[in-house]
Amino acid sequence: MSFYSEGVSPADPAEFVAIAHRVVWCTLATVDARGRPRSRLVHPVWELTPEGPVGKVCTRATATKRAHLAHSPFASASYWDPQHDVAVAECAAAWDPDPDTSWSVFSTTPPPVGFDPAAMFPGGTADPQAAVIVLRPWRLRWARAVDLAAGREHAVWRPFPAEG
């Protein structure tokens, strides 16, 4: 798959992942059936794949999250740190139909990004609330504060050219 980046120079999604993994926690927003956003703090692990970056969130499959993703299968993940570095992922979001295939990414990724999901779910994926949300970005945007202060623009990456 070819990647597209807005602006003059190619944007490398590995830079987004570097900021995201340094910050660790992000605000993940979904939208309810009445069009209202709801945010929560989550701890995604990002992987760079040949198809592009993929985020995985180990989470509780609450009725609210299920209803939100059933209504609108999209999410926004926003990272910020006190140094004012920012990274935002606009994503298609879906429940992993087989969370066992994703479970090890959390425990094999080094801390502080990686963690043992058994701390939340001692029964592993057999727990009915244990779930994984898979994030597939259609747009990434990031910047380091030092670059913004120097007048440089955010880097923007898309997996395909922007439409219209």
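Summary of the structure given here.

How each quantity is defined
- Residues numbered from 1 in each chain as written.
- Predicted model: local features only at pLDDT ≥ 70, side-chain atom pairs only at ≥ 80, totals over all residues.
- Heavy atoms only, no water.
- Helix = DSSP H or I, 4+ residues; strand = E, 2+ residues; numbered from the N terminus.
- Buried < 20%, exposed > 50% of the residue type's maximum accessible area, 1.4 Å probe, protein only.
- Arc of directions from axis to C-beta.
- Contact = heavy atoms within 4.5 Å.
- 1 Å grid on protein atoms, 1.4 Å probe; cavity = no way out; pocket = protein on both sides within 12 Å on 5 of 7 lines; lining within 4 Å.
- Points joined across faces, edges and corners; volume = space filled by probe spheres on them.
- Nonpolar A, V, L, I, M, F, W, Y, C, P; charged D, E, K, R; others polar.
- Phe/Tyr/Trp six-rings, centres within 6.5 Å; stacked < 30°, edge-to-face > 60°.

Within the secondary structure, Pro-159 is located in the segment after β9 (155-158). You can call Pro-159 buried: its relative accessible area is 8%. In sequence terms Pro-159 and Pro-13 are 146 residues apart; their C-alpha atoms lie 9.9 Å from each other.

Right, let's get into helix α2 (residues 63-71). Turning to α2, its buried residues are Lys-65, His-68 and Leu-69. Around the axis of α2, the buried residues are gathered within 90° of arc, so they sit on the same side. Turned more than 90 degrees off the buried face of α2, the exposed positions are Ala-63 and Ala-70. Looking at the buried residues of α2, the elements they touch are β2 (26-31), β3 (37-42), β5 (52-60), β6 (74-80), β7 (86-95) and β8 (130-143).

This brings us to empty space enclosed by the protein. Considering all chains together, one arrives at 1 cavity of 30 Å³ or more under this definition. Roughly 50 Å³ of volume is contained in the largest cavity. Along the walls of the largest cavity sit Leu-28, Thr-30, Arg-40, Val-42, Thr-59, Lys-65, Leu-69 and Ile-133, which together make up its complete lining. Taken together, the elements giving at least two residues each to the lining of the largest cavity come down to β2, β3 and α2. In the lining of the largest cavity, the residues fall into 4 nonpolar, 2 polar and 2 charged.

Further remarks concern the packing of aromatic side chains. In total, this model carries 6 aromatic pairs according to the counting rule given. Relative to Phe-106, the ring of Trp-103 lies with its centre 6.4 Å away and its plane at 80°, an arrangement referred to as edge-to-face. In this pair, Trp-103 and Phe-106 are both assigned in helix α3 (residues 100-108), 3 residues apart and thus about one turn of the helix distant. As far as burial versus exposure is concerned, Trp-103 and Phe-106 are alike and both buried. A ring pair is formed by Trp-103 and Phe-121, whose centres lie 6.1 Å apart and whose planes are at 55°; its orientation type is tilted. With Trp-103 in helix α3 and Phe-121 in the loop between α3 and β8, this pair connects stretches of sequence that are 18 residues apart.

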